[in-house]
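A closer look at the structure
Here is how the chains run, residue by residue.
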Amino acid sequence: MNRFALPIALFALLVVVLAIGIKHSPEKGIIASPLIGKPAPQFSLPSLTDGARTVSTTSLRGRWYLLNVWGSWCGTCREEHNMLLEVRQSGIVPLIGLDWKDDDAQALSWLQQLGNPYEVVAVDREGRTAIDWGVYAAPESFLVNPQGIVVYKCMGELTHEIWEREILPRLPKQQTAKS
Amino acid sequence: MTCRVIPAATVRRRARRKGLVACLIPLGAILLGAAAYAIDPTELPDPVLQQRYLALTHELRCVQCQNEAIADSPAGIASDLRREVRDMLLAGKSDDDVRNFMLARYGDFVLFRPRFAPKTAWVWLTPGILLVIGAFVAWRIVRARTALVPLDNEPLEEDFRR
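Residues numbered from 1 in each chain as written. Chains lettered and ligands numbered in written order. Predicted model: local features only at pLDDT ≥ 70, side-chain atom pairs only at ≥ 80, totals over all residues.

1. Description of the overall build of chain A
The helix and strand inventory of chain A stands at seven helices and seven strands. Moving toward the C terminus, one meets the helices and strands of chain A in the order α-β-β-α-β-α-β-α-β-α-β-β-α-α. In summary, chain A has a C-alpha radius of gyration of 20 Å against a globular reference of 16 Å for 179 residues, an excess of more than 25%. Principal axes of the C-alpha set define a box for chain A whose edges measure 80 × 35 × 30 Å. The buried share of chain A, taken over its 179 residues, is 32%. Sequence-distant contacts, at least 24 apart, represent 74% of the contacts inside chain A between residues at least 6 apart. (Helix = DSSP H or I, 4+ residues; strand = E, 2+ residues; numbered from the N terminus. Rg over C-alpha atoms; globule rule 2.2 N^0.38 Å. Buried ≥ 20, exposed ≤ 12 C-beta atoms within 10 Å, placed from the backbone. Contact = placed C-beta atoms within 7 Å.)

So this is what it looks like as structure tokens:
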């Protein structure tokens, strides 16, 4: 055997391993959700706008929805807000808000000032529901299908690009035709 | 009147020493302060539970500030996860219950010591495979060298005899 064969083979292996590492480096900070393909975690929480009402996953069954985790303390949520308003405008999929570890009064004034893109907002003051959903930094958005299965998770800001590349293709044709 | 002339170098040295002392005082204060300031003040009523709590919170990764354990992180989500661990232990759950709870929500990444599963097998097997390859290469080199020794030695011994 050529005495260079082994070193060259090891070098090639190293190149492949490092190439894979570099290729995936932009997503290193993103933790793949183990929730994809699994039933959405159940919750039953008070509504932000109407304290007497509760928002629960059982009442959301039977239709597509996008659960958006936000908080008035979250800077990126502000950047994302206009996109959310556009989604509401399009009427393609209802946005359900999960107000995460927030102050109710501040959350309400946020919606008053910036506009309310949500059909309904569930209040998670303690952050326990967010943990059930594997949330670790707002904003996060989960696309849930009518069977209550989490289909996709968007980490961070929901951009036009993600909306078009990841969300729209996952929705059924008749749903996206609404616009 | 005599005027003691102090060499400029000495002045500089003294100034430097003063500067050093001035730096050390706040540094010492910071270090002492760090020891007194704990991120996690949780105390469980039972020392055994407290021990398990400490072990678990050091084993679980803070998902937001990814290279810290939840025990060491000041992030809000870390304190929320510590609260979950505490409540589960107080409710009589086992260490594995806590680990599985975190795994189901945050995935394998959350464990600093990953479990052995098809997806994480390479993490555990690669060092062993590399060790075997290394041992094989070392064995080949040693064998090649021992084969050379008699050939090398013979002419040498003849040189001595002469």
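2. Looking at the domain arrangement of chain B
Each assigned domain of chain B is listed here: domain 1 (40–115) and domain 2 (116–150). The straight-line distance from the C-alpha centre of domain 1 of chain B to that of domain 2 of chain B is 37 Å. (Domains from an automatic or database assignment.)

3. Some remarks on the sheet that holds strand 7 (residues 150–155) of chain A
All names here are of chain A. Strand order in the open sheet formed by five strands is 5-4-3-6-7, and the pairing between neighbours is mixed. The open sheet terminates on both sides in strands that have one partner only, identified here as strand 5 (120–124) and strand 7. Within this sheet the neighbouring strands show an average axis-to-axis angle of 20°, counted without direction. Pairing of strand 6 (residues 140–144) with strand 7, which is carried by five bridges, proceeds in the antiparallel orientation. Along strand 7, the bridge assignment pairs Ser141 with Cys154. (Pairing = 2+ DSSP bridges. Axes fitted to C-alpha atoms, helices over the stretch in contact; angles between N-to-C directions.)

4. Side note on the interface of chain B and chain A
Every contact between the two is made by twelve residues of chain B and, on the other side, eleven residues of chain A. Those elements that place two or more of their residues in the side of chain B that touches chain A are helix 3 (76–90) and helix 4 (95–106) of chain B. Residues belonging to the side of chain B that touches chain A are distributed by class as follows: six nonpolar, three polar and three charged. (Nonpolar A, V, L, I, M, F, W, Y, C, P; charged D, E, K, R; others polar.)

5. Quick look at the nonpolar core
Judged by nonpolar contacts, the single largest core of 54 residues is most densely connected at Leu67, Val69 and Ile96 of chain A. Those residues in contact with Ile96 of chain A that lie beyond four places of it in its chain are Leu60, Tyr65, Leu66, Leu67, Tyr118, Glu119, Val120 and Ala122 of chain A. (Core = buried A, V, L, I, M, F, W, Y, C linked by C-beta atoms within 7 Å.)

6. Here's the deal with the environment of Asp97 of chain B
All names here are of chain B. Positionally, Asp97 belongs in helix 4. Given 13 C-beta atoms within 10 Å, Asp97 falls into the partly exposed group. Along the chain, Asp97 and Cys62 lie 35 residues apart, while their C-alpha atoms are 18 Å from each other.

7. Quick look at unusual backbone geometry
All names here are of chain A. For the peptide bond that leads from Ala138 to Pro139, omega is -5°, which places it in the cis range. Tracing the backbone shows Pro139 in the loop between helix 5 (128–132) and strand 6. Although it is not a glycine, Lys101 adopts a positive phi angle of roughly 45°. Relative to the assigned elements, Lys101 resides in the loop between strand 4 (95–100) and helix 4 (104–114).

8. Comments concerning the packing of helix 2 (residues 47–59) of chain B against helix 3 of chain B
Residue and element names in this part refer to chain B. Running from N to C, helix 2 and helix 3 point in directions that differ by 145°, and their axes come no closer than 10 Å. Of the two possible hands of crossing, helix 2 and helix 3 adopt the one that is right-handed. Residues Leu49, Arg52, Tyr53, Leu56 and Thr57 of helix 2 form the contact with helix 3, whose own contacting residues are Arg82, Val85, Arg86 and Leu89. Broken down by class, the residue content of the contact of helix 2 with helix 3 amounts to five nonpolar, one polar and three charged. (Left-handed = near helix turned anticlockwise from the far one by under 90°.)

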